[in-house]
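# A closer look at the structure
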Amino acid sequence: MSGNEDTISNLKAFGPVAAAAKEMADVRATLEPGTRPPAELKDKLNETLKELGGVRIAGRVATPIRGNFVHLTDGREKLQIYAKKGQFTLARNDGGADREPETAWEAWQILDHGDLIGVEGYLFVTNTGEVSVHVERLTFLSKALSPMPDKVHGIEDAEIKQRKRYLDLIASSLRVEMAGEKHELSTRETFEVRAKTISSIRHFLEDNGYIEVETPMLTPKATGAAAKPFKTHHNALDIALYARIAPELYLKRLLVGGFEKVYELNRNFRNEGISYKHNPEFTMLEFYCAYMNVNGMMDFCEKLIQKSVMKATGGLVVEYEGKKINFSKFERIAMRDAIIRHFPERWKLQDQDIPQDLSDPLRLSKFTQYVRRVFIAETDGSLSQHSQSYPLAKQRIWEGVDKLMQTEHESGGEIEQLFDIVVEPNLIQPTFIIDYPKSISPLSKASPEDPQIAERFELFINGMEVANGFSELNDPREQYERFVDQAEARERGDDEAMVLDEDYVRALSYGMPPAAGIGIGIDRLVMLLTNKHSIRDVILFPHMRPERKQEAESTEDDE
RNA sequence: GGUCCGAUAGCUCAGUCGGUAGAGCAAAUGGCUUUUAACCAUUGGGUCCCAGGUUCGAGUCCUGGUCGGAUCACCA
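How each quantity is defined
Residues numbered from 1 in each chain as written. Chains lettered and ligands numbered in written order. Predicted model: local features only at pLDDT ≥ 70, side-chain atom pairs only at ≥ 80, totals over all residues. Heavy atoms only, no water. Helix = DSSP H or I, 4+ residues; strand = E, 2+ residues; numbered from the N terminus. Contact = heavy atoms within 4.5 Å. Areas by Shrake-Rupley, 256 points an atom, 1.4 Å probe, with all protein chains shown as cover. Buried < 20%, exposed > 50% of the residue type's maximum accessible area, 1.4 Å probe, protein only. Pairing = 2+ DSSP bridges. Near = heavy atom within 4 Å. Nonpolar A, V, L, I, M, F, W, Y, C, P; charged D, E, K, R; others polar. Salt bridge = Lys/Arg side-chain N within 4 Å of Asp/Glu carboxyl O. Phe/Tyr/Trp six-rings, centres within 6.5 Å; stacked < 30°, edge-to-face > 60°. Lys NZ or Arg CZ within 6 Å of the ring centre and 35° of its normal. Polar contact = N/O pair within 3.5 Å; in protein donor to acceptor, adjacent residues only side chain to side chain.

This paragraph deals with the overall build of chain A. A tally of helices and strands in chain A yields 17 helices and 19 strands. Across chain A, contacts joining residues at least 24 apart in sequence account for 67% of those joining residues at least 6 apart. Taken as a whole, chain A presents about 28,700 Å² of accessible surface, with 49% of it coming from carbon and sulfur.

The following block contains the structure:
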């Protein structure tokens, strides 16, 4: 074996082979079920295939051995092979002369569903019109001791699919589709869409002059985002290290150093909950462009995502959970306007629930908690107890939210909470939310028109945050002050407030060009493109609780 | 962490009122040998997730636990 054998997929895609298969398929489509294609066509195609000469392929036996015919799979595509008693030999493992056809036939008969074999032979079309390989030489490659999964149902148990991804992939390659069945992406195809999405993003960035870099995964400070890190220890240096929660501050150091367009597409780690949209490690694209602002970044982000959607799915409209998501136009709306738009008038609040003084953190917090209760009550159907209250006009909400926006420091978090409750689940079509409160955007430049607003946006699709970008704050003194604010928030018990990075501030003091940057959650984007409802379906080996029995045994053994 | 749902053969699943553990696929043996998921016959295959309890008797009822899924809270 040289590694240069044809793969089944390549062989099937090879011009003359694909053409023959298509010609036969076209004719077969016109036939009554059960009838065979005309022999003249078969003979004609066989002439063509004969001229191609010998083929040499390998793969997994995709169906139980029954008779002379069996399908091989390379994980993506299947190809039928035909072995006739007396017409093929068996290769020996020691490289000696082939075994007799009699022995080869015995070997053929004891092959199992799932075994890996190689065959040499020639292509032909069967009487029923399927392009196949007539085997002249069989090589036994590897044994499958464990039985193969059900060829009709595959593996249905999500836990087994995720824990034994290899088995899930095998199942998806062996699966036989029933006639008339609606085609859903197989596991293999899902990860091919993922790969296409990522490679199209890399191409797009590189075509636009971006250079890919790799910054530290293990960092002395977990900063650049609001999240809890994984902590580890470096023995030789005797220091704590943290798995990075974001590469942002490193990438911006590179802006300082003169990389004007730079990106990193790699893993981030966050020591937080696991859910259908959260995995402890996830893939994030971050890129930065000097001399660009937030608006330019939104334009570019829209094009980038459209391009990758196009490459991965072939269109701009994607069906997700029965909804059509249209990527051809991304709406832009300010956070406060979104809150007003999505705050339905039927949700009534009592006057006493509206704090008069919204700069008082305690009252603010009560206000948002009240709103939360009302919204939760709405979703679980117990709203009636709230519904006879005084009406609160949109104007009143506006005033409340506007006051929130005007209030320094603490209020940003409250507005965001309000936004999360009221707006986020409703953002199904791609929507840029703009004009974020400055206090929750410590790395973002403030708007020249309104000092309380950050030049920041987040992109939401199907109620999920997919991207987060802004005009980068490049004033070292202001950055230092924002870090200090975060440190104060930390003192007050907000353990997700951002950690001060002195060296980053020092880097800024050398002058960072005005720039825009963005982070795009690749896993979530892939979920949307593959119609998967769990992040674990788009990550090959998602994190799961250890299997209890194995854990008990292995920890005993390891100690 | 809260709530709801689930776990039966290698895989997909039935299992009635608490009364001998079932089917299809897969596997083994034989037949067939140009078939299109499933040809014919025969055979083997079970810690019914775990531990208690109720009962003459538990896959089934009760309690606790494990694992998973959905959902809520935190996070991207």
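Further remarks concern the pairing of strand E3 (residues 78-82). The element E3 is extensively covered by neighbouring structure, given that 4 of its 5 residues are classed as buried. Here 5 bridges tie strand E2 (residues 69-73) to E3, and the two strands are oriented antiparallel to one another. Within E3, the residue paired with Leu72 across the bridge is Leu79. Here E2 folds back onto E3, and the loop between the two strands holds 4 residues, one of which, Gly75, carries a positive phi near 100°. Bridging between E3 and strand E6 (residues 131-142) involves 3 bridges; their strand directions are parallel. The partner of Ile81 across the bridge, within E6, is Val133.

Our next topic: the protein's contact with RNA strand B. Not every one of the 45 residues close to RNA strand B is listed here, only the nearest: Arg36, Thr128, Glu272, His278 and Arg524. Among atoms of RNA strand B positioned within 4 Å of the protein, sugar and phosphate together represent 61%. Elements supplying a minimum of two residues to the surface near RNA strand B: E3 and helix H5 (158-163). Its residues assigned to classes, the surface near RNA strand B shows 12 nonpolar, 13 polar and 20 charged.

What follows concerns the pattern of salt bridges. In this structure the tally under the stated criterion is 29 salt bridges. Between Asp112 and Lys143 there is a salt bridge, with the nearest N and O atoms lying 2.8 Å from each other. Placement of Asp112 in the loop between helix H4 (101-109) and strand E5 (116-125) and of Lys143 in the loop between E6 and H5 is noted, with a sequence separation of 31 residues between them. For Asp501, the salt bridge identified is with Arg253, shortest N-O distance 3.1 Å. With a gap of 248 residues between them, Asp501 in the loop between helix H14 (476-491) and helix H15 (502-508) and Arg253 in helix H8 (residues 248-257) connect regions that are remote in the sequence. Of the two residues examined, Asp501 and Arg253, each falls in the buried class.

So, on to the packing of aromatic side chains. Taken as a whole, this structure holds 13 aromatic pairs when the rule is applied. Measuring from ring centre to ring centre gives 5.3 Å for Tyr210 and Phe287, while their planes differ by 80°; the resulting arrangement is edge-to-face. Taken together, the residues span a long stretch of sequence, with Tyr210 in the loop between helix H7 (187-207) and strand E7 (211-212) and Phe287 in strand E12 (residues 281-290) at a distance of 77 residues. Note on accessibility: Tyr210 and Phe287 belong to one class, buried. Taken together, the ring pairs in this structure connect Phe204, Tyr210, Phe287 and Phe300 into an aromatic cluster. The ring of Tyr250 carries Arg253 above its face, with NZ or CZ at 4.9 Å from the centroid.

The next subject is the environment of Arg28. Of note, Arg28 is situated in helix H2 (residues 15-29). For the pair formed by Arg28 and Gly129, sequence separation is 101 residues and the distance between their alpha carbons is 7.6 Å. Excluding anything up to four places from it in sequence, Arg28 contacts Pro37, Thr128, Gly129 and Glu130. Engagement of the side chain of Arg28 in a polar contact is seen with the backbone oxygen of Thr128, the distance being 3.1 Å.

What follows concerns the environment of Lys252. Summarising the element assignment, Lys252 is placed in helix H8. Sequence separation of Lys252 and Glu488 is 236 residues, and the distance between their C-alpha atoms is 24 Å. Discounting residues that sit within four places of it in the chain, Lys252 has contacts with Tyr288, Leu443, Phe470, Glu472, Tyr504 and Met512. Here Glu248 takes part through its side chain, which lies 2.9 Å from a polar atom of the side chain of Lys252. Among the polar contacts made by the side chain of Lys252, one reaches the side chain of Tyr504 at a distance of 3.4 Å.

By the secondary structure assignment, Ser441 is in the loop between strand E16 (431-437) and strand E17 (453-461). The buried category is assigned to Ser441, whose relative accessible area is 3%. Residues within four places of Ser441 in sequence aside, it is in contact with Tyr436, Ala454, Arg456 and Arg482.

Remember, this is a structural readout, not a statement about activity or role.
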